[in-house]
Amino acid sequence: MEVKTSLLDNMIGVGDMVLLDPLSEDSFIENLKNRFEHNEIYTYIGSVVISMNPYKSLPIYTAEKVEEYRNRNFYELSPHIYALADEAYRSLRDQDKDQCILITGESGAGKTEASKFVMSYVAAVCGKGQEVNKVKEQLLQSNPVLEAFGNAKTMRNDNSSRFGKYMDIEFDFKGDPLGGVISNYLLEKSRVVKQPRGERNFHIFYQLLSGASEDTLKKLKLDRDFSKYNYLSLDSATVNGLDDAASFRTVRNAMQIVGFMEDEVQSVLELVAAVLKLGNIEFKPESRVNGFDESRVKDKNDLKEMCELLGIEQSVLERAFSFRTVEAKMEKVSTTLNVAQAYYARDALAKNLYSRLFSWLVNRINESIKAQTKARKKVMGVLDIYGFEIFEDNSFEQFIINYCNEKLQQIFIELTLREEQEEYVREGIEWTNIKYFNNAIICHLIENNKNGILAMLDEECLRPGTVTDETFLDKLNTVCAEHQHFESRLSKNSKFLTDHSLPHNCFRIQHYAGKVLYRVEGFVDKNNDLLYRDLSQAMYKANHSLIKLLFPEGNPAKVNLKRPPTAGFQFRASVGTLMKNLLTKNPNYIRCIKPNDKKAPHIFTESLVCHQVRYLGLMENVRVRRAGYAFRQAYEPCLERYKMLCKQTWPHWKGPPREGVEVLLTDLQVPVEEYAYGRSKIFIRNPRTLFFLEEKRRQCLEDLATLIQKIYRGWKCRTQFQLLKKSQVVVAAWYKRYAQQKKYQNIRCSALVVQSFIRGWKARKILRELKYKKRCEEAVTTISAHWHGTQVRREYRKFFRANAGKKIYDFTIQKIMQKYFLGLKKTMPSMSPIDKSWPARPYGFLDGTHQELRRMFHLWRCKKYRSQFTEEKKATYDEKLAASKLFKDKKALYPNSVGQPFKGDYLEINKNPKYQKLNSLVEDKVLLADVVSKINRANGKGAPRLFLLTKKNFVLADQKTGQVKASVPLLELSSVSVSTQNDGFFALKLKEGATSAAKGDFLLSSDRLIEIITKLHRTGAASADRNQIKIDIADEFLVQFKQDKVCVKFIQGAPKNGNGVACKRKNNRLLEVSVPSP
Ligand SMILES: Nc1ncnc2c1ncn2[C@@H]1O[C@H](COP(=O)(O)OP(=O)(O)OP(=O)(O)O)[C@@H](O)[C@H]1O
Ligand SMILES: [Mg+2]
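For the structure given in this document, a descriptive report is provided here. (Residues numbered from 1 in each chain as written. Chains lettered and ligands numbered in written order. Predicted model: local features only at pLDDT ≥ 70, side-chain atom pairs only at ≥ 80, totals over all residues. Heavy atoms only, no water.)

### Remarks on the coordination of the magnesium ion (ligand 2)
Bound to the magnesium ion (ligand 2) on the protein side are Thr112 (OG1) and Ser161 (OG), at distances that span 1.9 to 2.1 Å. In this pair, Thr112 sits in helix α4 (residues 111–125) while Ser161 sits in strand β5 (residues 160–161), placing the two residues 49 residues apart along the sequence. Thr112 sits in the buried class, given a relative accessible area of 13%. Note on Ser161: relative accessible area 8%, which makes it buried. (Donors = N, O, S within 2.8 Å, 3.2 Å for Na, K, Ca; no water. Helix = DSSP H or I, 4+ residues; strand = E, 2+ residues; numbered from the N terminus. Buried < 20%, exposed > 50% of the residue type's maximum accessible area, 1.4 Å probe, protein only.)

Set out below in structure tokens:
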């Protein structure tokens, strides 16, 4: 629930001056002081906010504060500028009423700050979104830019606005900001060329020199040293609490956010630099022959640099400083300028340059921030104009500024009164007029078209003949002498003839805010605001787009001989427009007051504040406000606030609020003349009555507080007790539950144990029975199975015995054989016939089969092997087979011959020329030719002989000569004898009676005995006409030597006899051959 608060809560002094009792100037100031000392810088006079400058930062502008004041009624919270801003914004948004915030007060009173607080508050509470935020940011960032160019340090304010500013913020129907328009009023341009003591030129000059980078300064041909520039006053070049360098960065950043292009910023800075340079141009006199004074530029360096910056031809500008051309109708007259005139021209140029630059800046900002839509807009105007000021030396500028303030005061008086009156009429309350000072008379003195001061000044300026400030003053002395607010030493009524505080060249005006003495010097000039045409034309010729733009009248094609309107005229017109504009809007006032002249916090100079209170007409404001009734409030909040004071209205009033208030006031016996019932509000005449109500309320609140306390305490104790009781019941319940649970669990546990025992016992019993039953069943089954088995076996025994055994056997055998054959298949030996390996026999009973298979396999692989043979190879193997049959296991020499191939013709008799003759003798094909050893019959020694075998005979021939020794037909050969030993001896025995047998048998020896004998035997066998040659193998045989038969006996000699076979004739009958034992 939202807590309803009021301005009246925790009030320091009174938050609204209307409630001041008794009302006097002293109590008014005392109240301000009291509040100021408690940092309450805002106080109301009805809906007007009085703002005291605290000269220190207070924590009352935070985001939380914004939230606090957002959407709250004006009098709901303690006075604050945010309350006013909120009220204005809400009536703009919700009631569609255009608003203006009028901020007045003297210089340094806090107007500019107040305007910024209002803007920032509105920015914080209005709509959000990317586009809206951009608009807000641009609106807010226009402030630093304008402040840099339009504010300066003065004696009264370190950041004094030297121009008037009125900003219209435009909103759409939802209350979202769309853009804005800024109007500026008369910049105090005289400050550019001259500043009073202790004051500074515009901030931007110092900011540029302190904050710009070296590079920028170089480009602008500037030096960081302030003392190098005539236009910059030095005595307060740096201001406490102002960081010019940081401000420069802020300004540049703000320019970027507002939407200035980089080249625009550069152009602006070039112009600022040009003004500084301009101030440094000095002149020296130069007399001409015709007696006229002429001036010349002293040191041309600054002139040159300035011309370079602005792209102006140096000679053109130089000439413009030396001559002045006056055009009248068709005539052109050129006169020379003396030094003073040259300086005047220079300063006029600087002032114009700067003030036009300032106006351009405002226009440029307007271009950026202008609303992008043509739809109807709601407008909130914020007016922050230079404050009323009184200097030691007041000139045209102060006159203009004070005139403006005078007008604002006028509008304030008019509107507050009107508003007040309107309210009474609206509410149907009787209204009595109140006396107050109306400053319309002063405004009339200044702006009156017929004989107002401004009109006189214009008249004087336009008048032909010699016009000086003195002639202007004379005129005033004549025209305004009778005016009660005009004072001059020489005025016609000679009232002030002896007033020494009033110098001769001055006049004094009694402004609403005090008397101000104006020195007339410069009034005419400043009002004329003349810039020699030569200078504006020189500027127009510049090769610099911005400068060209600022001096359009310099365009020779558009020469206008008419005088431009005077400064005073322009200002009066623009103030007039402003006033008209303000009158169309709902005004909201902020009246700023300066607590001291020292710009210091905590100091409250009563006299100074009193003076401001007076001239601002604040007392009158309060009086007007209280003329009828001091306090008014809508019925509903009033009833809400005081309903506790009456039993009928407390705690709730069912009827309409007005009746409730009526009942309340009657019940409280408030005198009838103390209040009046309006249509929507109750009006209370005296603050006393309000305070009576407030006091009653306070007491009642105390009683109520006690009652509430009592009830609360009772309630607290009761609830505490009830809570305890409830807790106790809960605890008891929980405990009982727990105890019962425990008990139950114990019983349950025991029951389970007993149960389990019983169940176990029962189960075991059943198990035993079941086991017994099962055993019985098993026994029965076994017995019946056995019996059935016996029966079946008995029946089937015969079949079983007859076939089953055989079948099992066959099956087993089959399985074994299968396994055996498959095993054998896997372990088969290689296909080589000489491979002796054969897998081991697995079963004893398969022995025969196994051997048979081995044999079969061997035969098969031999057959395979043989099938590959050629005929030739077959014959060779036939021979080898024959040799085997003859000698295998019979003669020890045989195994050696197995590996030797039977070549036959070892001597290659056909080819060898040595044996050609021999070859020719042999008719048949030679089957064998080799060298053998012929054993001498007499001594047993061997002699080499060639041995040739043909189909029909064998031949022995001399090895050397090849001469045939013997040729024996095979038909005559009866047998061949060889030993069983490892020797090569063989005897060729001839048939008895054969022709070749005359010399007896041949005893020969050869290592190739096996081959020779085999071939002999085969050749013999091949011819069908003779018997086979017989082969005798024995270690003793008889050989026929001529007539004698000699026995050849083979003995095994000792191994020591060497390897050789020795043959010896032992006697006539015995030839002994000793063969080494193997
Ligand atoms: N509410 C505030 N809180 C803190 N300081 C403030 C406040 N109002 C004003 N000041 C201080 O007072 C100084 C002067 O205020 P400001 O510039 O607003 O005066 P002004 O009324 O605009 O004067 P001028 O008419 O010369 O422009 C500010 O620079 C600031 O230091
Ligand atoms: Mg200001």
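From this point, the discussion proceeds with the structure in view.
### Observations regarding the site of ligand 1
Neighbouring residues of ligand 1: 20 residues in total, closest Ser107, Lys111, Thr112, Ser160 and Ser161. Gly110 is positioned such that a nitrogen or oxygen atom in its backbone is 2.9 Å from an oxygen atom of ligand 1. Between ligand 1 and Asn159, the relevant distance is 3.4 Å, taken from an oxygen atom to a main-chain nitrogen or oxygen of the residue. Burial of ligand 1 by the protein chains amounts to 87% of its free accessible area of 620 Å². Put simply, the parts of the chain that give the shell around ligand 1 at least two residues each are α4 and β5. Top contributing element to the shell around ligand 1 by residue count: α4, with 4 residues. When its residues are assigned to classes, the shell around ligand 1 shows 6 nonpolar, 10 polar and 4 charged. (Near = heavy atom within 4 Å. Polar contact = N/O pair within 3.5 Å; in protein donor to acceptor, adjacent residues only side chain to side chain. Areas by Shrake-Rupley, 256 points an atom, 1.4 Å probe, with all protein chains shown as cover. Nonpolar A, V, L, I, M, F, W, Y, C, P; charged D, E, K, R; others polar.)

### Digging into helix α9 (residues 244–258)
Across its 15 residues, α9 extends 20 Å between first and last C-alpha, which sits within 8% of the 21 Å expected from 1.5 Å per residue. Those residues of α9 that fall on the buried side of the exposure criterion are Asp244, Ala245, Phe248, Val251, Ala254, Met255 and Val258. At its buried positions, α9 is contacted by α5 (130–150), α7 (203–211), α10 (262–280) and α13 (339–369). Where α9 ends, the next residue or the one after it, Gly259, has phi of about 120°, a positive value. (Expected span 1.5 Å × (residues − 1). Contact = heavy atoms within 4.5 Å.)

### Let's talk about the nonpolar core
Counting 210 residues, the largest nonpolar core has Phe28, Phe149, Leu317 and Phe507 as the members making the most contacts within it. Examining the composition of this core, we find that 15 residues originate from one element, α13, more than from any other. The residues touching Phe28, leaving out its near neighbours within four places in the chain, are Met17, Leu20, Ile45, Ile50, Val613, Leu618, Met619 and Val622. Listed in part, the 32 residues of the second largest apolar core include Val968, Phe986, Leu988 and Leu990. (Core = buried A, V, L, I, M, F, W, Y, C linked by side-chain atoms within 4.5 Å.)

### Some thoughts on the pattern of salt bridges
When the charged atoms of two side chains with opposite charge come close together, those side chains can pair. The full count for this structure, using the stated rule, is 61 salt bridges. Residues Glu640 and Lys643 are paired through a salt bridge, measuring 3.5 Å at the closest nitrogen-oxygen approach. The salt bridge partner of Glu695 is Arg698, with a shortest N-O separation of 2.5 Å. Of this pair, Glu695 and Arg698 are both found in helix α26 (residues 687–826), 3 residues apart, which corresponds to roughly one turn of the helix. Judged by its relative accessible area of 33%, Glu695 falls in the partly exposed class. Via salt bridges that share partners, Arg162, Glu188, Arg191 and Glu199 belong to a single interconnected network. (Salt bridge = Lys/Arg side-chain N within 4 Å of Asp/Glu carboxyl O.)

### Considerations on the sheet that holds strand β19 (residues 681–684)
In spatial order, the strands read β17-β19-β18; together these 3 strands make up an open sheet with antiparallel pairing. At either margin of the open sheet sits one strand with a lone partner, and together these are β17 (631–634) and β18 (675–677). Along the sheet, successive strands turn relative to each other by an average axial angle of 20°, direction set aside. Bridge analysis of β18 against β19 gives 3 bridges, and the strand direction is antiparallel. When the bridges of β19 are listed, Tyr675 appears paired with Ile684. Packing of helix α25 (residues 657–667) onto the sheet brings it into contact with β18 and β19, and relative to β18 it is tilted by some 155°. (Pairing = 2+ DSSP bridges. Axes fitted to C-alpha atoms, helices over the stretch in contact; angles between N-to-C directions.)

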